[in-house]
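Analysis of the macromolecular model
Okay, here's what each chain looks like letter by letter:
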Amino acid sequence: AEADAPSGGGCSPAGGGSVPVLFCFSVFARPSSVPRGAGYELLIQKFLSLYGDQIDVHRKFVVQLFAEEWSQYIDLPKGFLVSERCKVRLVPRQIQMTTLGNLTPSSTVFFCCDMQERFRPAIKYFGDIISVGQRLLQGARHLGIPVIVTEQYPKGLGSTVQEIDLTGAKLVLPKTKFSMVLPEVEASLAEIPGVRSIVLFGVETHVCIQQTALELIGRGLEVHIVADATSSRSMMDRMFALERLARTGIVVTTSEAILLQLVADKEHPKFKEIQNLIKASAPESGLLSKV
């Protein structure tokens, strides 16, 4: 729901289609502007564009708004939309997030991105990533891990391929935005207590996967991209996307590593089921080639 800025919240009316905003981070303050009606997501994107080289992606942050009636910053009201000139700041929380990439089923969600029929002839090694993706979803069902699935413009690109069994998926959602981070997805994540890690796979690496991963880490979540379940039309695009994402602190890993990290112990009650999933050797594809 839309929430108005507090009365006298350091804002004065501004005309036109954009609103001047002062973006503050650490000791810095940079004037800029955002479209009228911009919300939390656009503010975060603007902070990243202004201060991205200084923001530690392994920290969690809070966006705050300066309220003149209190003469201090307050946490951004839920549903806040920019309508007037104002001042906001990005504040790191005191708790440092782990950078070790540890995974536990209770704090993990799987994201399956746009594994659709019309991509079959265009995406390199699509049959292989379908096979690995299906193995991951079976593992998620064994371990009770929630699964969120998106389909990019299914009217034109078709539904998720039949080989991938979506039984038990928490959410299957059509989209036109490249990133999977939609309001419905954020609402679904909010219903899952203690989410810390997202395991992400699908297509295309340099578009929907990359944009999803960057938005997720901007929200303080740890992202694991499954390299053997992620591809593009071009291996060049795929390679540079994975390299860029790894430099931002995203974990680039493999399906077998993910599944065995989630069980962690031979004595885990679901170890046999997971072992059976990974007994078959991984597809001999060209996904490891550089270009």
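Below you will find a few notes about this structure.

Rules of the game
- Residues numbered from 1 in each chain as written.
- Predicted model: local features only at pLDDT ≥ 70, side-chain atom pairs only at ≥ 80, totals over all residues.
- Heavy atoms only, no water.
- Buried < 20%, exposed > 50% of the residue type's maximum accessible area, 1.4 Å probe, protein only.
- Helix = DSSP H or I, 4+ residues; strand = E, 2+ residues; numbered from the N terminus.
- Pairing = 2+ DSSP bridges.
- Right-handed = clockwise from strand over helix to strand, strands pointing away.
- Phe/Tyr/Trp six-rings, centres within 6.5 Å; stacked < 30°, edge-to-face > 60°.
- Lys NZ or Arg CZ within 6 Å of the ring centre and 35° of its normal.
- Salt bridge = Lys/Arg side-chain N within 4 Å of Asp/Glu carboxyl O.
- Axes fitted to C-alpha atoms, helices over the stretch in contact; angles between N-to-C directions.
- Contact = heavy atoms within 4.5 Å.
- Expected span 1.5 Å × (residues − 1).
- Arc of directions from axis to C-beta.
- Polar contact = N/O pair within 3.5 Å; in protein donor to acceptor, adjacent residues only side chain to side chain.

For the rest of this paragraph, the subject is the pairing of strand β7 (residues 147-152). Of all six residues making up β7, six are buried, and the element is well covered by its neighbours. Residues Val 147, Val 149 and Glu 151 point to one face of β7 and Ile 148, Thr 150 and Gln 152 to the other, with burial holding for every one of them. The sheet contact formed by strand β6 (residues 108-113) and β7 spans four bridges and is parallel. Of the residues in β7, the one forming a bridge with Phe 111 is Ile 148. Between β6 and its parallel partner β7, the chain crosses via helix α2 (residues 126-143), and the hand of that crossover is right-handed. Pairing of β7 with strand β8 (residues 171-175) involves five bridges; the strand directions are parallel. For Val 149, the partnering residue across the bridge sits in β8 and is Val 172.

Take the packing of aromatic side chains next. Applying the stated criterion across every chain yields a total of six aromatic pairs. Aromatic side chains Phe 25 and Tyr 51 sit 5.5 Å apart centroid to centroid with 40° between the ring planes, which places their arrangement in the tilted category. With Phe 25 in strand β1 (residues 18-25) and Tyr 51 in helix α1 (residues 40-51), the pair connects residues that are 26 residues apart, well separated along the chain. Since its relative accessible area comes to 9%, Phe 25 is described here as buried. An aromatic cluster is built from Phe 23, Phe 25, Phe 28, Phe 47, Tyr 51 and Phe 61, whose rings are joined through pairwise contacts. The residue whose ring lies beneath Arg 30 is Phe 28, and the NZ or CZ to ring-centre distance is 5.9 Å. For the cation-ring pair, Lys 87 lies above Phe 66, with the distance from its terminal atom to the ring centre recorded as 4.6 Å.

Across all of its chains, the model carries 11 salt bridges by this definition. Where Arg 141 meets Asp 165, a salt bridge forms, and the shortest distance between an N and an O atom there is 3.7 Å. Residue Arg 141 is found in helix α2, and its partner Asp 165 is found in the loop between α3 (154-157) and β8; the two are separated by 24 residues along the sequence. A relative accessible area of 31% places Asp 165 in the partly exposed class.

Each regular strand carries side chains that alternate between the two faces of the sheet. In terms of burial, β6 is a largely internal element, six of the six residues being buried. Every second residue of β6 is oriented toward a common face, with Thr 108, Phe 110 and Cys 112 on one face and Val 109, Phe 111 and Cys 113 on the other, all of them buried. Note that β6 and strand β9 (residues 197-203) share six bridges and pair parallel. Bridge pairing in β9 places Cys 112 opposite Phe 201.

On to the sheet that holds β6. Paired through backbone hydrogen bonds, the strands of a sheet run either parallel or antiparallel to each other. Reading across the sheet, the six strands line up as β8-β7-β6-β9-β10-β11 and stay open at both edges, with parallel pairing between neighbours. Looking at which strands have only one partner, the edges of the open sheet turn out to be β8 and β11 (251-253). The average undirected angle you get between the axes of adjacent strands in this sheet is 20°. The strands touched by helix α4 (residues 183-190) are β6, β7, β8 and β9; relative to β8, the strand with the most contacts, the crossing angle is about 160°. With respect to the sheet, helix α6 (residues 235-247) is in contact with β10 (222-231) and β11, its orientation differing from that of β10 by roughly 160°.

Checked against the element boundaries, Glu 215 lands in helix α5 (residues 205-218). Residue class for Glu 215 comes out buried when judged on its relative accessible area of 12%. With residues up to four places along the chain from it excluded, the contact list for Glu 215 reads Glu 41, Gln 45, Lys 177, Ser 179 and Val 181.

On to α6. Under the 1.5 Å per step criterion, the end-to-end length of α6 is 18 Å for 13 residues, consistent within 8% with the ideal 18 Å. Three or more residues of α6 are buried, namely Met 235, Arg 238, Met 239, Ala 241, Leu 242 and Leu 245. One face of α6 carries all of its buried residues, which in axial projection span an arc of 165°. Where α6 begins, one side-chain oxygen reaches toward the backbone nitrogen of Met 236, 3.1 Å away; that side chain belongs to Ser 234. Remark: Gly 249 follows α6 within two positions and exhibits a positive phi of approximately 100°.

We now examine the environment of Gly 139. Tracing the backbone through its elements, the reader meets Gly 139 in helix α2. Here Gly 139 falls in the buried class, since its relative accessible area comes to 0%. Counting along the chain gives 139 residues from Gly 139 to Ile 278, while the straight-line C-alpha distance between them is 9.6 Å. Filtering out sequence-adjacent residues up to four positions away, Gly 139 remains in contact with Leu 259, Ile 274 and Leu 277.

Interpretation in functional terms is not warranted from these geometric data alone.
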